[in-house]
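Residues per chain, in single letters:
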Amino acid sequence: MQITDGKEICANCGAKPSVVYCDGCGKALCRDCRGFDLWGYGCGHVDTKAFCPRCMKDPAVNPYSGAE
């Protein structure tokens, strides 16, 4: 997960300062537009991923989304 410096406006809503980049498409996202998912692998290792609403639901980008 990459944190922004807050200088960019959210690419999803276009209204608020960004806080993180989408791990799928790279768009800058604000607190309200970001979504989190946990990707587990190995023996007890988990990475936190941040996604825009579109990438969150896309199983090609986020295979743990539960969407089909």
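Located above this text is the structure these notes cover.
This is a predicted model, so every value here is computed, not measured.

**Comments concerning the pattern of salt bridges**
The tally for this structure, following the rule as stated, stands at one salt bridge. The residue Asp-32 makes a salt bridge to Lys-16 at a minimum N-O spacing of 2.1 Å. Of this pair, Asp-32 sits in the loop between β2 (28-29) and β3 (35-41) while Lys-16 sits in the segment before β1 (20-21), and the two are 16 residues apart along the sequence.

**Here we look at the packing of aromatic side chains**
All told, the structure shown has two aromatic pairs when counted by the stated rule. Linked through ring pairs, Trp-39, Phe-51 and Tyr-64 together constitute an aromatic cluster. Its end group placed over the ring of Trp-39, Lys-49 keeps NZ or CZ at 4.8 Å from the ring centre.

Scoring rules and cut-offs
- Residues numbered from 1 in each chain as written.
- Predicted model: local features only at pLDDT ≥ 70, side-chain atom pairs only at ≥ 80, totals over all residues.
- Heavy atoms only, no water.
- Salt bridge = Lys/Arg side-chain N within 4 Å of Asp/Glu carboxyl O.
- Helix = DSSP H or I, 4+ residues; strand = E, 2+ residues; numbered from the N terminus.
- Phe/Tyr/Trp six-rings, centres within 6.5 Å; stacked < 30°, edge-to-face > 60°.
- Lys NZ or Arg CZ within 6 Å of the ring centre and 35° of its normal.

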